[in-house]
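Architecture and fold: a report
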Amino acid sequence: MNEHSHLLSKNDCDVYHRQRRYYSYLPSCITITILCICFSVVLTNKHFQGIRSTTSIPINSSSSILDYDNDKKYIHPGSIFLDTQNKPINAHGGGFIFYNNTYYWYGEIKVGSTYLPPSNADWGGTRVDLTGISCYSSTDLLNWRYNGNVLPTVLNDTEHDLNIDKVAERPKVVYNERTNKFVMWLHIDSMDYKRARSGVAISDRPEGPFTYINSFRSNANQMARDLTVFVDDNTRAYLFYSSEDNAALHVTELSDDYLSTKGNYSRIFIDRYMEAPTIFKKDGAYYFIGSGCTAWQPNAARSAVSYTSIFGPWKELGNPAQGLDANTTFHSQSTYVLPVVGDGDSSGSERFIFIADRWNEKNLSDSRYIWLPISFEEDRLAIHWHDKWSPT
Ligand code: GAL
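Residues numbered from 1 in each chain as written. Predicted model: local features only at pLDDT ≥ 70, side-chain atom pairs only at ≥ 80, totals over all residues. Heavy atoms only, no water.

What about the environment of Gly125?
Note the threshold: Helix and strand definitions here come from DSSP, where helices need a minimum of 4 consecutive H or I residues and strands a minimum of 2 consecutive E residues; each element is numbered from the N-terminal end. The rule is simple: take the accessible area with a 1.4 Å probe, protein chains only, and divide by the maximum for that residue type; under 20% is buried, over 50% is exposed, in between is partly exposed. It only takes one pair of heavy atoms within 4.5 Å for two residues to be counted as in contact.
Residue placement: Gly125 occurs in the loop between β4 (102–108) and β5 (133–138). With relative accessibility at 1%, the residue Gly125 sits in the buried group. For the pair formed by Gly125 and Tyr115, sequence separation is 10 residues and the distance between their alpha carbons is 8.8 Å. Once residues within four sequence positions are removed from consideration, Gly125 is found in contact with Leu116, Pro117, Asn120 and Trp296.

Written out as structure tokens, the structure is:
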């Protein structure tokens, strides 16, 4: 080996310097690239979060830290709502009551892996095992305290309506002034959705726990799936449920204790295949918002009004969602219309919140909530998208 053998030729030298230059640029290139990636991730996630949505309404794909909404001044539709312990609120297909100056939110607890039972393969009916019904409470609609699983699964009886293999959806709670009890109605079903029944549970307190009573098909064994309950000013209560294999909705009056149905009912929206019913009252008129029938996939919402009676005639008013992504109701499906009141009487309320689920059929536990104000525009209902808004 000669003594200069470690020295570089001119050519080698050029290559060496080029490489040195290249390697000296490399850290800054990498830094810039990382910064660019971070920046675009932040923008994308902000977009998903709903902070900026000028060209498209954000849809959750999988959750990211930026989806979490711990801004307690505004509602951010589509974000992950956090409870007062900073845990994601798990209350899907929800129902609400206002009692003793407090709002209560009841909903399906969706946890665990999402799977598609073979029986539901042809219509995409994914599910998670049944866990129960959650209850949250709030005095300002922004800070929600978790009160626990108020109607948990029954594990030791595989035939029970609340066994993990069953379906318990869309809990709606009403307060009965006569009995001083809180009554929960739910859609109870088998895994393949063929049992199609309504279930009832009862509690002495709004924060539960609730005691399950039974399930049944009312009005001469009519099928009953998605449901809601509405209490009128005169304390009469009405159950709305999707019936006739979802082809029509039925409206039926509840017994005085709200635990069963009286037997009088009317068929409404015949052959319109509506689900996810919600009812509210303003200035003496009854309003309806619901969805079409496309399993977990969103579709264009439906709305209707009845000026004379809750049994009808109901006049359809079209899709209340307006603007971009109205045809999927901003990627969501109705579950409740919440009167912002103070006295619990929906007829006196001027402000109503459209509450909907943005289902994630592949990961149901990552389903989100869409809360938006409802406006009344020339005798019809309108729901516009807001990235954020204040409910108070
Ligand atoms: C929807 C219904 C939901 C749930 C789902 C199952 O149409 O509104 O509550 O039952 O189907 O796929």
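With respect to the nonpolar core
To keep it simple, the criterion reads: To qualify as a nonpolar core, a set must consist of buried Ala, Val, Leu, Ile, Met, Phe, Trp, Tyr and Cys residues joined through side-chain atoms within 4.5 Å.
Counting 40 residues, the largest nonpolar core has Trp105, Trp144, Ile289, Trp371 and Ile374 as the members making the most contacts within it. Breaking this core down by element, the ones donating at least two residues are β3 (92–99), β4, β16 (285–291), β19 (333–340), β20 (351–358), β21 (368–377) and β22 (380–383). Residues within four places of Ile374 in sequence aside, it is in contact with Phe280, Ile289, Val337, Phe352, Ile353, Phe354, Leu381, Ala382 and Ile383. Membership of the second largest hydrophobic core comes to 18 residues, among which are Ile97, Ile133, Val150 and Val173.

Here's the deal with the sheet that holds β16
Filter applied, for reference: What makes two strands pair is DSSP finding at least two bridges between them.
In space, the four strands of this open sheet follow the order β15-β16-β17-β18, with antiparallel pairing throughout. Both edges of this open sheet fall to β15 (275–282) and β18 (315–316), since each of them pairs with a single strand only. Strand direction decides the pairing type here: β16 and strand β17 (residues 302–306), joined by five bridges, are antiparallel. Bridge pairing links Tyr287 to Val305 in β17.

Description of the pattern of salt bridges
What counts is decided by this rule: A carboxyl oxygen of Asp or Glu within 4 Å of a side-chain nitrogen of Lys or Arg is what we treat as a salt bridge.
Counted under the stated rule, the structure contains 16 salt bridges. Note that Lys281 is salt-bridged to Asp233, the shortest N-O span being 2.9 Å. Taken together, the residues Lys281 in strand β15 and Asp233 in the loop between β11 (227–231) and β12 (237–243) connect sequence positions 48 residues apart. Its salt-bridge partner being Lys282, residue Asp283 comes within 2.9 Å of it at the nearest N-O pair. Several salt bridges share partner residues, and in doing so they unite Arg236, Glu253, Asp256 and Lys262 into one network.

Overview of the confidence of the model for the protein chain
Defined as follows: The predictor attaches a confidence to each residue, and that confidence, scored 0 to 100, is pLDDT.
Across the protein chain, the average pLDDT comes to 86, with 81% of residues at 70 or higher. Taken as a whole, residues 1–27 scores under 50 in pLDDT and shows two contacts with residues more than four places along the chain or in a different chain. This stretch, residues 32–56, has a pLDDT under 50; its non-local contacts, to residues over four places away or in other chains, come to 32 contacts.

What about the site of the ligand?
Rules: Being near a molecule or strand, for a residue, comes down to having at least one heavy atom within 4 Å of it. Within 3.5 Å is the distance limit for a polar contact, defined as a pair of N or O atoms, with the added protein rule that one can donate a hydrogen and the other accept it, and that residues adjacent in sequence qualify only through two side-chain atoms. Where accessible areas are quoted, they stem from the Shrake-Rupley method and a 1.4 Å probe; at the residue level, only the protein chains shown are allowed to cover.
Surveying the vicinity of the ligand reveals the residues Trp123, Glu169, Arg170, Tyr193, Asp226, Glu275, Ala295, Trp296 and Gln333. Ala295 is positioned with one of its backbone polar atoms (N or O) 3.1 Å from an oxygen atom of the ligand. Gln333 is positioned with one of its side-chain polar atoms (N or O) 2.9 Å from an oxygen atom of the ligand. Compared with its free state, where it exposes 310 Å², the ligand has 98% of that area covered by protein.

Details of the packing of aromatic side chains
Definition in use: Stacked, edge-to-face and tilted are the three classes for Phe, Tyr and Trp ring pairs, Trp counted by its six-membered ring, which pair at centre distances within 6.5 Å; planes under 30 degrees apart are stacked, over 60 edge-to-face, the rest tilted.
Counted according to the given criterion, the structure contains 33 aromatic pairs. A centroid spacing of 5.0 Å and a plane angle of 45 degrees characterise the contact between Tyr136 and Tyr146, whose relative ring orientation is tilted. Placement of Tyr136 in strand β5 and of Tyr146 in strand β6 (residues 145–149) is noted, with a sequence separation of 10 residues between them. For Tyr136, a relative accessible area of 3% translates into the label buried. Considering the side-chain rings of Tyr287 and Phe376, the 5.5 Å spacing of their centres and the 70 degrees angle between planes classify their relative orientation as edge-to-face. Of the two residues, Tyr287 is situated in strand β16 and Phe376 in strand β21; the sequence distance between them amounts to 89 residues. Judged by relative accessible area, which is 8%, Tyr287 ranks as buried.

Observations regarding the sheet that holds β20
Sheets are built from strands that pair by backbone hydrogen bonding, the pairs being arranged parallel or antiparallel. This is how it is decided: Lines are fitted to the C-alpha atoms to define the axes, a helix being fitted only along its stretch in contact, and any angle between axes, read from their N-to-C directions, falls within 0 to 180 degrees.
Taken in spatial order, the four strands of this open sheet run β19-β20-β21-β22, and their pairing is antiparallel. Each edge of the open sheet carries a strand with a single partner, namely β19 and β22. Each adjacent strand pair in this sheet contributes to an overall mean axis angle of 35 degrees, direction not counted. Pairing of β20 with β21, which is carried by seven bridges, proceeds in the antiparallel orientation. Each bridged residue has a counterpart across the sheet, and for Ala356 the counterpart in β21 is Ile370.

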